[in-house]
Amino acid sequence: MKDYQKEFIEFALEKQVLKFGEFTLKSGRTSPYFFNAGLFNTGRDLARLGRFYAAALVDSNIEFDVLFGPAYKGIPIATTTAVALADHHDVDTPYCFNRKEKKTHGEGGSLVGAELNGKIMLVDDVITAGTAIRESMEIIAQQGADLSGVLIALDRQEKGKAELSAIQEVERDFNTKVISIVTLADLVSYLKQNPDYAEFLPKVEAYRASYGV
Ligand code: OMP
């Protein structure tokens, strides 16, 4: 695990974005942990969050032209990532997001920001079963743009419909690469190294044994 990844887990724990307990997921699975990115909810949190996304992006070496943040949670993430790339990596990247409801007056359309052209880097919070991501793929395809990658905060590394993980399915179906700031494997190694959190390890490992890949 790299330093920025460990720092990100600590940041998520500190903000209670990452919590342990019993949570029902969109997929219907009951998970012993949950990642609620909506709790990165202050100016400083967002600034820090953007630096982690930008670090993971730079680390991946994937080339792209435009950052795309799908509504709603992807919007502040794409914005803060674009700011962090400019402020900390000297890269000025166009960014764009969609509206959920189509606007019929004014400038019209459902996309806001830069044009969704060329190689797109989609940014979002979490992929579990991949449902939300698939909806965004349609928007990118409609614009005739190409997806070069998907960047998320946490890869839960869970099985999709079959043996592949939901993320592996997305990679295969859309011929793309999914990168994350951290994975469940990183979280497990963090829990192993930190006695304060050791009590949560058995349930997380049991969940991983049932649904992990
Ligand atoms: P999929 O659409 O199944 O990939 O699930 C992604 C969505 O699940 C996220 O956008 C969240 O709404 C939600 N989610 C989390 O935010 N954090 C988690 O740890 C797990 C989930 C989830 O329900 O799977």
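Residues numbered from 1 in each chain as written. Predicted model: local features only at pLDDT ≥ 70, side-chain atom pairs only at ≥ 80, totals over all residues. Heavy atoms only, no water.

## Notes on the pattern of salt bridges
Note the threshold: In what follows, salt bridge is the name for a side-chain nitrogen of Lys or Arg lying within 4 Å of a carboxyl oxygen of Asp or Glu. Secondary structure follows DSSP: runs of H or I at least 4 residues long count as helices, runs of E at least 2 residues long count as strands, and numbering of each begins at the N terminus. Each residue's exposure class comes from its accessible area (1.4 Å probe, protein chains only) as a fraction of the maximum for that residue type: buried when under 20%, exposed when over 50%, partly exposed otherwise.
Tallied over the full model, the rule gives 12 salt bridges. Here E14 makes a salt bridge to R48, at a shortest N to O gap of 3.7 Å. Placement of the pair is E14 in helix α1 (residues 3–14) and R48 in helix α2 (residues 43–60), with a sequence separation of 34 residues. With a shortest N-O distance of 2.9 Å, E158 and R29 are connected by a salt bridge. With E158 in the loop between β8 (146–155) and α5 (166–173) and R29 in the loop between β1 (18–24) and β2 (30–35), this residue pair connects regions lying 129 residues apart in the sequence. Its relative accessible area of 2% is what places E158 among the buried residues. Connected through salt bridges with shared partners, the residues R29, R156 and E158 form a single ionic network.

## Brief notes about the UniProt feature "binding site: orotate" (unreviewed entry) in the protein chain
Rules: UniProt positions are given in the numbering used here, feature names are shortened, and annotations may be inferred rather than shown by experiment. For each structure, a 1 Å grid was placed over the protein atoms alone; sets of points admitting a 1.4 Å probe that cannot get out are labelled cavities, open sets with protein on both sides within 12 Å along at least five of seven lines are labelled pockets, and lining residues have an atom within 4 Å of a point. Contact definition: two residues touch when any of their heavy atoms are within 4.5 Å.
UniProt's entry tags F34, F35, T128 and R156 with the feature "binding site: orotate" (unreviewed entry), counted in the numbering of this structure. Considering the C-alpha atoms alone, the annotated residues occupy 123 residues of sequence yet fold into one spot, their largest mutual distance being 10.9 Å. In the annotation above, F35 are the residues that line the largest cavity. Its place among the elements puts F34 in strand β2. Given the relative accessible area of 30%, F34 is considered partly exposed. Excluding anything up to four places from it in sequence, F34 contacts V17, L18, K19, F23, L25 and R156.

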